[in-house]
Amino acid sequence: MRRKKRNLSVLIVIVTLIIMLLPVSEADAETSASDFRMEGSTLVKYRGTEKNVTIPDTVEVIGRSAFEDNKDVELVVLSNSVRRIDPYAFWGCENLDTVVLGTGLSAVGDYAFTKCTGLEQMTLPSNITAIGIQAFGDCTSLRNISIPAQTTSIHETAFDGCYQLTFHCDSGTVADEYAKAFYEKQQRTAFQLQYLIQSIQIIAKLKIQKLKIQKRLLRQNLQRQSLKQRLCHLILMKYPEACWVLLI
């Protein structure tokens with residue numbers, strides 16, 4: 001199964017690269033270029049609505065929040081000219097499911113793909129040496145990621161909230177050690193969550209039992225008060241002079 005998923009990922013990359021090599025008309029090129037707001041070589045904001053986006057080779061930096069909360073984009077291909085992804089660049093791109101990283105990028109930056117909940121698998125090329133703070137944080141659908149042996153730095157929070165994740169990496173690498181620690185953390189979290197749920201259930205049962213007891217005592221008290229009131233009424237009817245005694 002893992003091999004099939006990996007082959008599918010490779011196939012997606014190949015198809016994407018073929019698309020990149022296809023000729024583009026001048027009209028289409030102008031339209032595509034207008035979707036990118038640039039400041040020098042930095043892509044400040046993507047303003048288009050395309051599902052498949054190829055970053056132009058004039059871009060060296062994908063700026064802070066450039067694609068943040070974009071609900072249209074599903075596939076992004078980074079050209080080899082891109083060397084940095086600023087924080088929150090793809091934050092909250094819920095429908096983004098495929099990302100192809102170029103050879104110019106040496107790191108997946110802090111919060112780069114945080115909350116990309118549609119992202120299911122990721123293959124990092126050999127040029128990626130570092131993965132930053134919550135780079136893939138809360139990517140809740142991310143199930144498979146392949147990390148090369150060349151990756152020597154992975155922040156401890158890089159994959160926080162990725163509860164279904166399986167790592168594919170070489171034994172003895174930094175990624176392998178990270179994966180072991182990640183799985184152990186997941187197990188501890190699952191145990192703590194299970195303990196918390198059980199504790200809440202026990203507390204809820206105790207509170208329900210307490211409420212039942214209180215309700216029963218209240219009902220008994222009301223019954224006693226009702227009986228006392230009836231007795232008092234009968235006594236007063238027969239012995240009116242006993243009124244002062246009942247008031248004591």
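Use the structure listed above.
Residue numbering note: each chain is counted from 1, following its sequence as written. In keeping with the model being predicted, local features are shown solely for residues with a pLDDT of at least 70 and side-chain atom pairs are shown and tallied solely at 80 or more, while totals for entire chains, interfaces and linings include all residues. Heavy atoms throughout the structure, all of them, feed into the side-chain values; hydrogens and water do not.

A. Examining the sheet that holds strand β10 (residues 130-131) more closely. By definition, two strands form a pair when at least two bridges between them are found by DSSP. Helical segments are the DSSP runs of H or I of at least four residues, strand segments are the runs of E of at least two, and each set is numbered from the N terminus. Taken in spatial order, the three strands of this open sheet run β8-β10-β12, and their pairing is parallel. Of all the strands in the sheet, just β8 (107-108) and β12 (153-154) have a single pairing partner and so form its edges. Bridge count for β8 against β10 is two bridges, and the pairing is parallel. The residue of β10 that forms the bridge with Val108 is Ile131.

B. Main features of the nonpolar core. Only buried Ala, Val, Leu, Ile, Met, Phe, Trp, Tyr and Cys residues count toward a nonpolar core, and they belong to the same one when joined by side-chain atoms within 4.5 Å. Remark: exposure states derive from per-residue accessible area (1.4 Å probe, protein chains only) relative to the maximum for the residue type, with buried under 20%, exposed over 50%, and partly exposed in between. With 46 residues, the main nonpolar core has Ile55, Ile62, Phe90, Phe113, Phe136 and Phe159 as its most contacted residues. Going through the elements one at a time, β2 (42-46) and α3 (174-238) are the ones with two or more residues in this core. Here this core gets four residues from one element, more than from any other, and that element is α3. In this description, contact between two residues means that some pair of their heavy atoms is separated by no more than 4.5 Å. Apart from the residues lying within four places of it in its own chain, the contact partners of Ile55 are Phe36, Leu43, Ile62, Phe67, Val76, Val77, Leu78, Ser79 and Val82.

C. Geometry of the environment of Leu43. Among the secondary structure elements, Leu43 is positioned in strand β2. Leu43 gets classed as buried once you look at its relative accessible area, which sits at 0%. Contact partners of Leu43, with chain neighbours within four places excluded, come to Phe36, Arg37, Met38, Ile55, Val59, Val61, Ile62, Gly63, Ala66 and Phe67.

D. Local environment of the pairing of β2. Pairing analysis gives four bridges linking strand β1 (residues 36-39) to β2, with the strands arranged antiparallel. Considered in β2, the bridge of Glu39 is made with Thr42. The antiparallel pairing of β1 with β2 creates a hairpin that spans two residues between the two strands, and Gly40 there sits at a positive phi of about 65°. Note that β2 and strand β4 (residues 61-62) share two bridges and pair parallel. Looking across to β4, one finds that Leu43 is bridged to Ile62.

E. Main features of the sheet that holds strand β13 (residues 166-168). With parallel pairing, the three strands of this open sheet are ordered in space as β9-β11-β13. Each edge of the open sheet carries a strand with a single partner, namely β9 (121-123) and β13. Geometrically, the sheet is characterised by an average inter-axis angle of 10° between neighbouring strands, direction not taken into account. The pairing of β9 with strand β11 (residues 144-146) spans three bridges and is parallel. For Met122, the partnering residue across the bridge sits in β11 and is Ile145. Between the N-to-C directions of two axes lies an angle of 0 to 180 degrees, each axis being a line fitted to C-alpha atoms and, for a helix, fitted only over the stretch in contact.

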